[in-house]
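Residues per chain, in single letters:
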Amino acid sequence: MGRTNPTYRDALRAIEERWAEFRRALRRRDQPRFDRLFEYAREHADASGLLNHQNPLLPALLSIDLEQEARLDDHEERLEELEAAVAARDDQESAPPDSNP
């Protein structure tokens, strides 16, 4: 029987295992953040596997960047909504009172 090549997901799992000691040394509050980065990388494992890059860490890092960009976009959108709501409320509060009896 021939050997099969490891998948990108296997390579990503191996990277995560190599970083396990680093993770253990992190403060407890940072460990879930570390885990989330690998979740982001796994979200794009199909695309990263198609790339078949010699260094599987590079597509993982780009995947993490993509997910963080998406989060930034979501936060910016939410901030714009909140700013618009505050501006509308301020406009209502600063409008002269209705003079109709």
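Quick caveat, the model's predicted, so the values are computed rather than measured.

Cut-offs and rules
Residues numbered from 1 in each chain as written. Predicted model: local features only at pLDDT ≥ 70, side-chain atom pairs only at ≥ 80, totals over all residues. Heavy atoms only, no water. Axes fitted to C-alpha atoms, helices over the stretch in contact; angles between N-to-C directions. Helix = DSSP H or I, 4+ residues; strand = E, 2+ residues; numbered from the N terminus. Parallel < 35°, antiparallel > 145°, perpendicular 65-115°, else oblique. Contact = heavy atoms within 4.5 Å. Nonpolar A, V, L, I, M, F, W, Y, C, P; charged D, E, K, R; others polar. Phe/Tyr/Trp six-rings, centres within 6.5 Å; stacked < 30°, edge-to-face > 60°. Buried < 20%, exposed > 50% of the residue type's maximum accessible area, 1.4 Å probe, protein only. UniProt positions renumbered as here; feature names shortened; annotations may be inferred. Core = buried A, V, L, I, M, F, W, Y, C linked by side-chain atoms within 4.5 Å. Lys, Arg positive; Asp, Glu negative; His and termini not counted. Salt bridge = Lys/Arg side-chain N within 4 Å of Asp/Glu carboxyl O.

**Some points on the packing of helix α3 (residues 31-43) against helix α5 (residues 57-94)**
The N-to-C vectors of α3 and α5 enclose an angle of 100°; their axes lie 8 Å apart at closest approach. With respect to α5, the element α3 is oriented roughly perpendicular. Contacts between α3 and α5 pair Arg-36, Leu-37, Tyr-40, Ala-41 and Glu-43 from the former with Ala-60, Ser-63, Ile-64, Glu-67, Gln-68 and Arg-71 from the latter. Taken together, the residues that form the contact of α3 with α5 break down as five nonpolar, two polar and four charged.

**A look at the packing of aromatic side chains**
In total, this model carries three aromatic pairs according to the counting rule given. Aromatic pair Trp-19 and Phe-22: ring centres 5.2 Å apart, planes at 85°, arrangement edge-to-face. Its relative accessible area of 38% is what places Trp-19 among the partly exposed residues. Through successive ring pairs, a cluster of aromatic residues spans Trp-19, Phe-22, Phe-34 and Phe-38.

**Thoughts on the side chain of Ser-48**
Position of Ser-48 among the secondary structure elements: in helix α4 (residues 45-51). Among residues more than four places away in sequence, those in contact with Ser-48 are Tyr-8, Pro-59 and Ser-63.

**Side note on the UniProt feature "coiled-coil region" (unreviewed entry) in the protein**
With numbering matched to this structure, UniProt assigns "coiled-coil region" (unreviewed entry) to residues 65-92. The annotated region residues 65-92 carries 100% helix and 0% strand content, and the separation between its end C-alpha atoms amounts to 40 Å.

**Comments concerning the nonpolar core**
Counting 10 residues, the largest nonpolar core is built from Tyr-8, Leu-12, Ile-15, Phe-34, Phe-38, Tyr-40, Ala-41, Ala-45, Ala-60 and Ile-64. Of all the elements in the fold, those that place two or more residues in this core are α1 (8-18), α3 and α5. With four residues, α3 is the single largest residue contributor to this core. Those residues in contact with Ala-41 that sit more than four places away from it in its chain are Leu-12, Ala-60, Ser-63 and Ile-64.

**Some words on the side chain of Glu-67**
Relative to the helices and strands, Glu-67 resides in helix α5. Within the buried set, Glu-67 has no salt-bridge partner at all; the shortest N-O distance to an opposite charge, 7.6 Å, is to Arg-71.

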